[in-house]
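A closer look at the structure
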Amino acid sequence: MIDYGTERLPGLPEAVTICEVGPRDGLQNESTPVPADVKVEFIERLADAGHTVIETTSMVHPKWVPQLADAEEVLRRLDRRPTVRYPVLVPNQRGLQRALDLGVTDIAVFASATESFAKANLNRTVAESLEMFAPVITQARETGLPVRGYLSMCWGDPWEGAVPAAQVVDVATKLISLGCTELSLGDTIGVATPGRVVALLNALTAARVPVGSIAVHFHDTYGQGLANTLAALQHGVTTVDTSAGGLGGCPYADSATGNLATEDILWQLEGLGIRTGLNLTKLAETSSWLAGHLGRESPSSVVRALRKS
C-alpha cells in the first residue's frame, strides 16, 4: 500500500485505543444467522490485525437477539489471548453469571439516556434499568472485573428528537456512581454533529466525569462519524468504538445504520500520526472476507478504495 504521509494537528492524543464492536454490535442486526465458526474466525482475524479490545458477544436472551444465540459456543471455542480483552454485554445478573462461568473478564451493560429507547430496548424506564444494572455492576466489580457502561441515544432519539446534554449527564453520572469504570457515549441513530459532541463532553467534564473514562461510539447515518470522532479526540477522548467494515445497527431503532468503520477511522488516525497498533491491510482483508460471508460489499469507504487500488 502506498504511503501518503502524515501530518499532526495540535491538541490530539499520541495514541488511541480502538474498541472493535463488530462481532457483537456489528453482527447483532444481521437477519441471516452467521455460523459460530465464522464468528470465531472473525474475532481471531481482528486480533491478528492488532486489536487489543474486541467486544465479543452478548448474553442477551436469544428471543431478543437471535443472531447472538450462540454466545456460549463462541466463547468456548475462542482461543482467548492474554494480550486481548474480550468484553461481553450482559443484560442482568443471570447473564453475568453465565459470563463468569465461561471465564469472561470484561463486562458491559447497556443503558439509555432516553425513556423511549429504554422502553423499546429494555422494556423498563431509565430508573428501572439502572436498578436492574446495579447488582450486576456491583457483583462484577467485587469480582475484580472492569465494567463498561454503554449509554445510548446521547445526542438524538427517533421518538424524542434532540436529547439535552443535562439529561445524558444525569444518567452518565449515575452509571459512574454505580461503579462503571468506562462510559461509552453512543450516537445510536447517527445524528450528532461536532459542536454537539463537544457540548456534551464539556457538560460531562463540568460534572466531574473524567475524560479518561469516556469512549465515543458513533454511527455514520449522516456521514458525520469521522468529524465527530475528531472533535472528541481534540477534547481529550482516547477510546473510540468502531466496527470492522462499518457493520452494525440497532434492532430496536430502525433509523440506526452502520457503525463508523474501523478502516475509515484508522485511515484518518494514521494520517494524523496517531498510534493504534492496528494493521490497516489486515483489517481491510478481514472486512472483505466477512462481507463475502454476508453476501454483500463492505460499506466502508476505505475498504472499497483499497480493493480498487
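Described in the following lines is the structure provided in the data block. (Residues numbered from 1 in each chain as written. Predicted model: local features only at pLDDT ≥ 70, side-chain atom pairs only at ≥ 80, totals over all residues. Heavy atoms only, no water.)

With respect to the overall build of the protein chain
The number of helices and strands found in the protein chain is 12 helices and 10 strands. In terms of C-alpha radius of gyration, the protein chain reaches 18 Å, essentially the compact-globule figure of 19 Å for 309 residues. Looking at the 309 residues of the protein chain, the share that counts as buried comes to 55%. For the protein chain, contacts bridging at least 24 residues in sequence account for 75% of all contacts bridging at least 6. Carbon together with sulfur atoms contributes 52% to the accessible area of the protein chain, which is approximately 12,800 Å² in total. (Helix = DSSP H or I, 4+ residues; strand = E, 2+ residues; numbered from the N terminus. Rg over C-alpha atoms; globule rule 2.2 N^0.38 Å. Buried < 20%, exposed > 50% of the residue type's maximum accessible area, 1.4 Å probe, protein only. Contact = heavy atoms within 4.5 Å. Areas by Shrake-Rupley, 256 points an atom, 1.4 Å probe, with all protein chains shown as cover.)

A closer look at the side chain of Thr114
Topologically, Thr114 is positioned in the loop between strand 4 (107-112) and helix 5 (115-122). At a separation of 3.3 Å, a polar atom in the side chain of Thr114 contacts the main-chain amide nitrogen of Phe117. Thr114 has contacts with Val126, Met153, Asp157, Glu160, Val163 and Gln167, leaving out every residue within four places of it along the chain. (Polar contact = N/O pair within 3.5 Å; in protein donor to acceptor, adjacent residues only side chain to side chain.)

Looking at the side chain of Ser58
Mapping Ser58 onto the fold places it in strand 2 (residues 57-58). With relative accessibility at 3%, the residue Ser58 sits in the buried group. At a separation of 3.2 Å, a polar atom in the side chain of Ser58 contacts the main-chain amide nitrogen of Val60. Within the local environment of Ser58, its side chain forms a polar contact with the backbone oxygen of Leu89, the two atoms lying 3.4 Å apart. Ignoring sequence-local partners within four residues, the contact set of Ser58 consists of Arg24, Leu68, Ala71, Val88 and Leu89.

Here we look at the pattern of salt bridges
This structure, assessed with the given rule, holds 14 salt bridges. When the shortest N-O distance is used, the salt bridge between Glu44 and Arg81 registers 2.9 Å. Here Glu44, found in helix 2 (residues 36-48), pairs with Arg81, found in the loop between helix 3 (71-77) and strand 3 (88-89); they are 37 residues apart in sequence, far enough to count as distant. With relative accessibility at 18%, the residue Glu44 sits in the buried group. For Arg81, a relative accessible area of 26% translates into the label partly exposed. Connected through shared salt-bridge partners, Arg24, Asp25 and Glu55 make up one network. (Salt bridge = Lys/Arg side-chain N within 4 Å of Asp/Glu carboxyl O.)

Topic: the state of the cysteines
Taken as a whole and assessed by the stated rule, the structure comprises 0 disulfides. The thiol sulfur of Cys19 is not disulfide-bonded, and the nearest other cysteine sulfur, from Cys180, lies at 14 Å. Cys154 supplies the cysteine sulfur nearest to Cys180, a cysteine that is in no disulfide, at a spacing of 13 Å. (Disulfide = S-S within 2.5 Å.)

Re unusual backbone geometry
Despite not being glycine, Met153 shows a phi value in the positive range, around 55°. Phi at Arg208 is positive, roughly 65°, even though this residue is not glycine. Structurally, Arg208 can be placed in the loop between helix 8 (194-206) and strand 9 (214-218). Since its relative accessible area comes to 78%, Arg208 is described here as exposed.

Focus: the packing of aromatic side chains
The final tally for this structure, using the stated rule, is 4 aromatic pairs. The interplanar angle of 50° and the centroid separation of 6.2 Å between the aromatic rings of Tyr4 and Trp267 together place this pair among those described as tilted. Note that Tyr4 is positioned in the segment before strand 1 (17-20) and Trp267 in helix 10 (residues 262-271), a separation of 263 residues in sequence. The exposure class of Tyr4 is exposed, given its relative accessible area of 62%. Summarising the aromatic geometry, the rings of Trp155 and Phe218 are spaced 5.5 Å apart at their centres and angled 35° between planes, so their arrangement reads as tilted. In this pair, Trp155 is assigned in the loop between strand 5 (147-152) and strand 6 (156-157) and Phe218 in strand 9, connecting sequence segments 63 residues apart. (Phe/Tyr/Trp six-rings, centres within 6.5 Å; stacked < 30°, edge-to-face > 60°.)

Observations concerning the sheet that holds strand 10 (residues 239-242)
Each strand in a sheet pairs with its neighbour through backbone hydrogen bonds, running either in the same direction (parallel) or in the opposite one (antiparallel). On the basis of which strands lie adjacent, the open sheet formed by 8 strands has the order 1-10-9-8-5-4-3-2 and parallel pairing. The sheet is open, and its two borders are formed by strand 1 and strand 2, each paired with just one other strand. Where strand 1 lies against strand 10, 4 bridges are found, and the strand directions are parallel. For Ile18, the partnering residue across the bridge sits in strand 10 and is Val240. Docked against the sheet, helix 5 engages strand 4 and strand 5, running at close to 125° with respect to strand 4. (Pairing = 2+ DSSP bridges. Axes fitted to C-alpha atoms, helices over the stretch in contact; angles between N-to-C directions.)

Comments concerning the nonpolar core
The biggest cluster of nonpolar side chains holds 83 residues, and the ones touching the most others in it are Val90, Ile107, Leu151 and Leu185. Look past the residues within four positions of Leu185 in its chain and what remains in contact with it is Leu151, Cys154, Trp155, Leu200, Leu201, Leu204, Ile214, Ala215, Val216 and His217. Ranked by size, the runner-up nonpolar core spans 10 residues in total, among them Val53, Leu89, Ala108 and Tyr150. (Core = buried A, V, L, I, M, F, W, Y, C linked by side-chain atoms within 4.5 Å.)

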